[in-house]
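The lines below spell out each chain.
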Amino acid sequence: MAGLTDDQIKLVKANWAAVKPIKETAADLFYDKLFELDPKIRELFSEDISIQKKALMATISFAVATLNHPDKLVPAVQDLGKRHGKYGVTSAHYGTVAQALLWTLEQGLGEAWSPEAKTAWTEVYGILSSTMIDSAAEEAA
Ligand code: HEM
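These lines cover the structure that appears in this document, whether it is placed above or below. (Residues numbered from 1 in each chain as written. Predicted model: local features only at pLDDT ≥ 70, side-chain atom pairs only at ≥ 80, totals over all residues.)

Time to look at the overall build of the protein chain. Along its length, the protein chain carries six helices and zero strands. Over its C-alpha atoms, taken along the principal directions, the protein chain stretches across nearly 40 × 30 × 25 Å. The buried share among the 141 residues of the protein chain stands at 23%. (Helix = DSSP H or I, 4+ residues; strand = E, 2+ residues; numbered from the N terminus. Buried ≥ 20, exposed ≤ 12 C-beta atoms within 10 Å, placed from the backbone.)

See below:
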């Protein structure tokens, strides 16, 4: 993936493998944090977010697995971005999700969380979110 080194990809994959066994807990932590950071975001989601929790974790798994295959990853993320535009998600929301995601990874990884991990995940999220935002903007134009 453009902008990521091989070492960063390895690190992100190792981090995600460590979070996967506790993914339900991680998803709970993530959404609690997200809605604490911006309670209005809750209104964008349906009342029952249990399916949403699974969908988010599955998508992060797919993204992490395909980091070395942008030909697979980019079109899927573009479609995801277009759908998010229809959900009422704005570019500002992506910053709040970034904060909640990094915080969740830090909680989930404990000692395995490091400045290098933070940089690598910030890079990964930045690529995903900018792809989503650009494609939602194109769709709206
Ligand atoms: C890398 C970033 C993100 C990923 C991987 C992601 C992933 C997903 C997935 C897989 C779905 C299921 C529906 C679908 O596939 O269209 C979904 C739905 C949704 N996402 Fe995201 N999302 C991201 C960012 C955001 C942001 C920034 C927001 C805004 C706060 C957001 C709000 C929503 C909402 C409101 C839904 C619809 C839920 C419902 O219908 O109840 N997402 N997201």
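The next point concerns the site of the ligand. What surrounds the ligand is a group of 19 residues, the closest being Leu44, Ser46, Arg83, His93 and Val97. Looking at the shell around the ligand, the elements with two or more residues in it are α3 (50-65), α4 (70-86), α5 (91-109) and α6 (115-140). For the shell around the ligand, the element with the highest residue contribution is α3, accounting for five residues. Partitioned by chemical class, the residues of the shell around the ligand number 12 nonpolar, six polar and one charged. (Near = placed C-beta within 6 Å. Nonpolar A, V, L, I, M, F, W, Y, C, P; charged D, E, K, R; others polar.)

Turning next to the packing of helix α2 (residues 23-37) against α3. Two quantities define a packed helix pair, namely the angle between the axes and the distance from one axis to the other. With their axes 10 Å apart at the nearest point, α2 and α3 run at an angle of 110° to one another. It follows from the interaxial angle that α2 and α3 lie roughly perpendicular. Touching Lys23, Ala27 and Tyr31 of α2 are Lys53, Leu56 and Met57, all from α3. Classifying every residue of the contact of α2 with α3 by side-chain character gives four nonpolar, no polar and two charged. (Axes fitted to C-alpha atoms, helices over the stretch in contact; angles between N-to-C directions. Parallel < 35°, antiparallel > 145°, perpendicular 65-115°, else oblique. Contact = placed C-beta atoms within 7 Å.)

The next subject is the environment of Asp79. The residue Asp79 is located in helix α4 in this model. Given 13 C-beta atoms within 10 Å, Asp79 falls into the partly exposed group. Note: C-alpha distance between Asp79 and Glu138 (59 residues apart in sequence) is 11 Å.

Attention now moves to α2. Taking 1.5 Å per residue, 15 residues should reach 21 Å; α2 reaches 21 Å between its end C-alpha atoms and fits that length. Where α2 is concerned, the buried positions are Ala26, Ala27, Phe30, Tyr31 and Leu34. On an axial view of α2, the arc spanned by its buried residues comes to 125°, and they lie on one face. For α2, the exposed residues lying more than 90 degrees away from the buried face are Glu24, Asp32 and Glu36. Buried residues along α2 sit in contact with α1 (6-19), α3 and α5. (Expected span 1.5 Å × (residues − 1). Arc of directions from axis to C-beta.)

Turning our eyes to something else, we now look at the nonpolar core. If you look at the biggest cluster of nonpolar residues, it comprises 25 residues, and the most contacted ones within it are Val12, Phe30, Val124 and Leu128. Listed by contribution, the elements that provide at least two residues to this core are α1, α2, α3, α4, α5 and α6. Element by element, the count of residues in this core is highest for α6, at seven residues. If sequence neighbours within four positions are ignored, Val12 has contacts with Val64, Leu67, Ala120, Trp121 and Val124. (Core = buried A, V, L, I, M, F, W, Y, C linked by C-beta atoms within 7 Å.)

Purely geometric numbers; function is a separate question.
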